Amino acid sequence: MKFVRYADGPSSRVGVVDGDLVRVVDGPADLLPLIEAGEAELLAAGRTALRRGATVPLPDIVPLSPIATPPTVRDFYAFEQHVRAGRAWRGLEMEPDWYELPVFYFSNPYAVMGCGPVPMTPGTERFDFELEVAAVVGCGGRDLTAKDAEGAIAGYCVLNDWSGRDVQQREMKLSMGPVKGKDTATSLGPYFVTPDEIADFREGNGYRLEMTCTVNGAPYSRALWSDIHWSFGEMIAYASRGAEVRPGDVIGSGTCGTGCILELSRTHDSATYPWLRPGDEVVAAIEGLGELRNTVTEAAPVIPLRTRGATGQEDGTPPRRTDGAAR
């Protein structure tokens, strides 16, 4: 089943995609309550909508993130081609631990959005997309096996992890992050697709489904989901190690091979693959999961953390003592 959430005046609605129509699910304005209610309730709501739900033409809606505010967003690093390319630019071999630990970082659930405008990272001159696939947890748990974690997946979405590369680079020199370089925007959608919809394409640790991204209609990225090294079952199991995962948690795959401008510009050239600018349309797509369409917009201005007073002293900080006493 393929669910979609979309704006309906000042509120939002949830529906099921039925060809060129959306069949409205009566009641919820967000998929999270249905996911939390369990697979049976989610599918029952979808089947009811397909039988007798009011209809809206699919081309008339702009898909929102299926979940307005996910409980958590964990983004992994699971495609070997992307990891290997990034290390090669820095003159590094693959780190053996990458094959043992499916590492991730926590992203910002408040910055999750669907199709539509995406603001650039404040202060960036090197704004980038990252083509990924996301799994959404349906059944929570702790210390899960990979098999149990695979069975806990409620659905999949396209994910675009927008990145201010220059901001990210500065932050990560301090051995922390990514921080502000990545938490201005994360696009998720356009649909929430249950695993049975794509079961016939299962291959290796993923699905034999093509992943692509275009910028202003020009092809940039192309990969296969089945190229992934770590399965979502393994990623979710690792996330649950000594910790809890809950329904609605979003698990990002990390960038697929060729899935960002950083990789493309360094592997090929920066003239062919320039950084994103306001007005650029980016379409991240995965077969069976849909097309996530976004237009880049201007960043919010950077608000200084401190200003300097007439003496050169940072305003708002204690004055420097000259008598040797501790501050």
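Below you will find a few notes about this structure. Computed from a predicted structure; not experimentally measured. (Residues numbered from 1 in each chain as written. Predicted model: local features only at pLDDT ≥ 70, side-chain atom pairs only at ≥ 80, totals over all residues. Heavy atoms only, no water.)

What the five strands build is an open sheet, ordered β9-β23-β22-β18-β19; its pairing is mixed. For this open sheet the edge positions go to β9 (116-119) and β19 (218-224), each flanked by a neighbour on one side alone. Averaged over all pairs of adjacent strands, the angle between their axes in this sheet comes to 25°, without regard to strand direction. Relative to strand β23 (residues 290-297), β9 runs parallel, the two being bridged by four bridges. Note on β23: the bridge partner recorded for P119 is T297. (Pairing = 2+ DSSP bridges. Helix = DSSP H or I, 4+ residues; strand = E, 2+ residues; numbered from the N terminus. Axes fitted to C-alpha atoms, helices over the stretch in contact; angles between N-to-C directions.)

As a further point, take the pairing of strand β2 (residues 11-18). Pairing analysis gives six bridges linking strand β1 (residues 2-8) to β2, with the strands arranged antiparallel. In the strand pairing of β2, F3 is matched with V16. Counted between consecutive antiparallel strands, the loop separating β1 from β2 contains two residues, among which G9 sits at a positive phi close to 65°. Pairing between β2 and strand β3 (residues 21-24): four bridges, direction antiparallel. Opposite D18, over in β3, you have L21 as the bridge partner. Remark: two residues form the turn of the hairpin made by β2 and β3, two consecutive strands paired antiparallel; G19 in that turn has positive phi of roughly 65°.

The next point concerns a nonpolar patch on the surface. Taken together, the side chains of Y77, L101 and V103 make up a nonpolar region of the molecular surface, amounting to roughly 210 Å² of accessible area. Positionally, Y77 belongs in the loop between β6 (73-76) and α3 (80-89). (Patch = residues over 30% accessible without salt bridge, like charges linked within 9 Å, V, L, I, M, F, W, Y side chains within 5 Å. Areas by Shrake-Rupley, 256 points an atom, 1.4 Å probe, with all protein chains shown as cover. Salt bridge = Lys/Arg side-chain N within 4 Å of Asp/Glu carboxyl O.)

We now examine the side chain of S187. Here S187 lies in strand β15 (residues 186-193). In this structure S187 comes out as buried when scored by relative accessible area, which is 0%. Here W162 takes part through its side chain, which lies 2.8 Å from a polar atom of the side chain of S187. Within the local environment of S187, its side chain forms a polar contact with the side chain of N294, the two groups lying 3.2 Å apart. (Buried < 20%, exposed > 50% of the residue type's maximum accessible area, 1.4 Å probe, protein only. Polar contact = N/O pair within 3.5 Å; in protein donor to acceptor, adjacent residues only side chain to side chain.)

Moving on, we get to the pattern of salt bridges. Applying the stated criterion across every chain yields a total of 16 salt bridges. For E130, the salt bridge is made with R165, and the minimal N-O distance between the two is 3.3 Å. One end of the pair, E130, is in the loop between β10 (127-128) and β11 (131-137); the other, R165, is in helix α5 (residues 165-172), with 35 residues separating them in the sequence. For the pair formed by E130 and R165, the shared burial category is buried. Three or more residues are tied together by salt bridges with common partners; here these are D128, E130, D161, R165 and K182.

Scanning all chains against the criterion turns up 13 aromatic pairs. On the numbers, 5.4 Å between centres and 80° between planes, the contact of F104 with F106 is edge-to-face. Take F104: its relative accessible area is 28%, and that puts it in the partly exposed class. Summarising the aromatic geometry, the rings of F104 and Y238 are spaced 6.5 Å apart at their centres and angled 85° between planes, so their arrangement reads as edge-to-face. With F104 in strand β7 (residues 104-106) and Y238 in helix α6 (residues 232-239), this pair connects stretches of sequence that are 134 residues apart. Connected via pairs of aromatic rings, a cluster forms that spans F76, F104, F106 and Y238. One residue, R202, lies across the ring of Y207, its end atom 4.8 Å from the ring centre. (Phe/Tyr/Trp six-rings, centres within 6.5 Å; stacked < 30°, edge-to-face > 60°. Lys NZ or Arg CZ within 6 Å of the ring centre and 35° of its normal.)

What follows concerns α5. Buried within α5 are the following residues: R165, D166, V167, Q168 and E171. Packed against the buried residues of α5 are β10, β14 (163-164) and α7 (261-267). (Contact = heavy atoms within 4.5 Å.)

Moving on: the nonpolar core. Core analysis: the biggest nonpolar cluster contains 60 residues, and F129, Y156, W162, W225, F232 and L276 have the highest contact counts within it. Sorting elements by how many residues they give to this core places α6 first, with five residues. Excluding its chain neighbours within four sequence positions, the residues that come into contact with W225 are F79, V133, Y156, I198, G206, Y207, L209, M211, F232, I286 and L289. Within the second largest apolar cluster, 24 residues are counted, among which are F3, A45, V112 and C157. (Core = buried A, V, L, I, M, F, W, Y, C linked by side-chain atoms within 4.5 Å.)

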